[in-house]
Amino acid sequence: APDGSTTIPCSVQVMDSQTSNNHPSDEPALETAARIRIRGNTSRRFDKKGYLLNLTQADYLTDKSAEMLGMAPHHEWALHGPYMDKSLIRNYMWYNISGEIMDYAPNVRFCEVILNGEYQGLYVLTETITNGEDCRLNMSAPDDRLESVSYCVRLDRGSSNPIKNISTFSLYTYRNQHVLDIVYPGAGNLTPERVDFITGDFSDFEKSLYSYDYDTEPYAWWNEADMDSFAEYFILNEFICNYEVGARSTYLYKDLQGKYKMCMWDLNTCCGNMVTRSPMHFEMQYLTWYYMLCKDEHFVNRVIERYHDLRMSYLSEEYLNQYIDDVVAWLGPAIDRNFAVWGYTFEEFQPLRPYSRNPEDYEAAIEQMKDFIHVRGTWMDEHIEILLQYCHESKVKKFNH
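Residues numbered from 1 in each chain as written. Predicted model: local features only at pLDDT ≥ 70, side-chain atom pairs only at ≥ 80, totals over all residues. Heavy atoms only, no water.

A. A look at the pattern of salt bridges. For the structure on display, the rule yields 15 salt bridges. Put simply, R90 and D85 hold a salt bridge, and the shortest N to O gap is 2.6 Å. Each member of the pair, R90 as well as D85, carries the same accessibility label: buried. Between E224 and K254 there is a salt bridge whose closest N-O contact spans 3.6 Å. Of this pair, E224 sits in the loop between helix 3 (192-210) and helix 4 (227-239) while K254 sits in strand 14 (residues 250-254), placing them 30 residues apart in sequence. Since its relative accessible area comes to 9%, K254 is described here as buried. (Salt bridge = Lys/Arg side-chain N within 4 Å of Asp/Glu carboxyl O. Buried < 20%, exposed > 50% of the residue type's maximum accessible area, 1.4 Å probe, protein only. Helix = DSSP H or I, 4+ residues; strand = E, 2+ residues; numbered from the N terminus.)

B. The nonpolar core, seen in detail. With 105 residues, the main nonpolar core has I89, M93, W94, F230 and F299 as its most contacted residues. Non-local contacts of W94, meaning those with residues more than four positions away in its chain, are made with L236, F239, I240, L267, C270, C271, L315, L320 and I373. Grouped together as the second largest cluster of nonpolar side chains are 19 residues, L30, Y51, V113 and Y123 included. (Core = buried A, V, L, I, M, F, W, Y, C linked by side-chain atoms within 4.5 Å. Contact = heavy atoms within 4.5 Å.)

C. A look at helix 8 (residues 333-342). Restricting attention to buried positions, one finds in helix 8 the residues A334, I335, N338, F339 and W342. Seen along its axis, helix 8 keeps its buried residues to an arc of 125°; they face one direction. Turned more than 90 degrees from where helix 8 packs its buried face, P333, D336 and A340 sit exposed. (Arc of directions from axis to C-beta.)

D. Quick peek at the layout of surface pockets. Estimated volume of the second largest pocket: approximately 1,700 Å³. Lining the second largest pocket are 45 residues; nearest its centre among them are M15, N22, C111, E112 and V113. Taken together, the elements giving at least two residues each to the lining of the second largest pocket come down to strand 1 (8-14), strand 2 (30-39), strand 3 (50-56), strand 7 (108-115), strand 8 (118-127), helix 7 (317-331) and helix 8. For the lining of the second largest pocket, the leading source of residues is strand 7, giving eight residues. For the lining of the second largest pocket, the per-class residue count stands at 29 nonpolar, ten polar and six charged. (1 Å grid on protein atoms, 1.4 Å probe; cavity = no way out; pocket = protein on both sides within 12 Å on 5 of 7 lines; lining within 4 Å. Points joined across faces, edges and corners; volume = space filled by probe spheres on them. Nonpolar A, V, L, I, M, F, W, Y, C, P; charged D, E, K, R; others polar.)

E. Examining the sheet that holds strand 11 (residues 151-156) more closely. Taken in spatial order, the five strands line up as 12-13-11-14-15 in an open sheet, and their pairing is antiparallel. Strand pairing shows two members of the sheet lacking a second neighbour, strand 12 (165-166) and strand 15 (261-263), which therefore form its edges. Inspection of the sheet shows strand 11 paired to strand 14 by five bridges, in the antiparallel sense. The residue of strand 14 that forms the bridge with C152 is Y253. On top of the sheet, helix 3 reaches strand 11, strand 12, strand 13 (179-184) and strand 14; it is set at about 70° to strand 11, its chief contact. Helix 4 rests against strand 14 and strand 15 of the sheet, and its axis sits at about 30° to strand 15. (Pairing = 2+ DSSP bridges. Axes fitted to C-alpha atoms, helices over the stretch in contact; angles between N-to-C directions.)

F. Region of interest: the sheet that holds strand 3. Read from one edge to the other, the open sheet built from six strands follows the order 1-2-3-6-8-7, with strand pairing classed as antiparallel. Either end of the sheet is taken by a strand with one partner, and the two such strands are strand 1 and strand 7. Between one strand axis and the next, the sheet turns through 40° on average, direction left out of account. Where strand 2 and strand 3 come together, seven bridges link them in antiparallel fashion. Residue pairing across strands places A33 opposite T56, the latter belonging to strand 3.

G. Seen up close, the side chain of S203. Here S203 is to be found in helix 3. Here S203 falls in the buried class, since its relative accessible area comes to 9%. Contacts of S203, omitting those with residues within four sequence positions, involve T168 and F169.

H. Representation of the packing of aromatic side chains. Across all of its chains, the model carries 34 aromatic pairs by this definition. Ring geometry for F205 and F230: centres 6.4 Å apart, planes at 55°, overall tilted. Placement of the pair is F205 in helix 3 and F230 in helix 4, with a sequence separation of 25 residues. Using a relative accessible area of 1% as the deciding quantity, one classes F205 as buried. Above the face of the Y291 ring, K295 is positioned so that its terminal group lies 3.5 Å from the ring centre. (Phe/Tyr/Trp six-rings, centres within 6.5 Å; stacked < 30°, edge-to-face > 60°. Lys NZ or Arg CZ within 6 Å of the ring centre and 35° of its normal.)

I. Layout of helix 7. For helix 7, spanning 15 residues, the distance from its first C-alpha to its last is 21 Å, which sits close to the expected 21 Å at 1.5 Å a residue. Its buried side turned inward, helix 7 meets helix 1 (90-101), strand 7, strand 8, helix 4, helix 8 and helix 10 (362-383). Just downstream of helix 7 lies G332, where phi reads positive at about 50°. (Expected span 1.5 Å × (residues − 1).)

In structure tokens form, the structure reads like this:
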């Protein structure tokens, strides 16, 4: 903004009729002041921008929680504009499926955006990963009497607010070369004592994971971390080949009364939508934290067992293909309206290599994702057992005294 602020004031109107089509001239279901900024790292350079919306009172300064498109009230929302994802549905689809499998995944709704009177196309309104009553992570709120807090941390490029960036055991020992920052509590509730608590608490977990006692009671890593959450996160990211995790967009959270859990985020490059990725391999066993988790036979066996369960339900090819068809049918003419603005990208924005991987039209983009699911699922069905090599005694004996 001209005054140097990272956000600018704006007004927001939300049309959300449950019984008829929506129009810009309709009476808004919600009208509010807000602050807005462009969000994303690589994606901020795309023609179709993504935005962060912070709903406010009329002063444009005080946060205001409000329900958005049927999602539980909160003040912070992300607007993801599918651009590189020509299918338009990756984030929407995989957040929802992740939510069926894991304890929590961000809630999402499709919407169409008009900015300053100009139609911007189809967007996915998304909960940001933070705490909130009856929504979001739903962890216990900070107690002013305590230094200990429930918290969420992110492995990514770090925060612009230095107090949020922490150096834990894995960074100190060069097992992690990326920045870990505190997502929750927010800066207003982050005292130096609470930062020290979070740093020490997470470092203690990492020490247990990287110690010789990583799989030995009473020091074993699973006393601090939810095995199913970490296993399901492994399976989901492997199945869709979402390999930015472990360096970018990697979220962990812990309630004071619970264990560490994982949360999916930023899935628009999954299912073969990266510049160069082969679906014929496993990658997660090399990534931060999972490097040690995959040395534990309890964890690897749980991954294999849970994978076979999910292939009979939410990750079955039949279920996923039907899900895709249902979402495309539900979007209907909104797809055509979106590509009336962004249709040129099929010819002028072709980031995948080789060039033949870039879909020629929307139907090809959908078929490409279905083909990926078939190829990847078939390969994982045949090769999931090879994960056992990473926890075999011949591989891990130096970690077991």
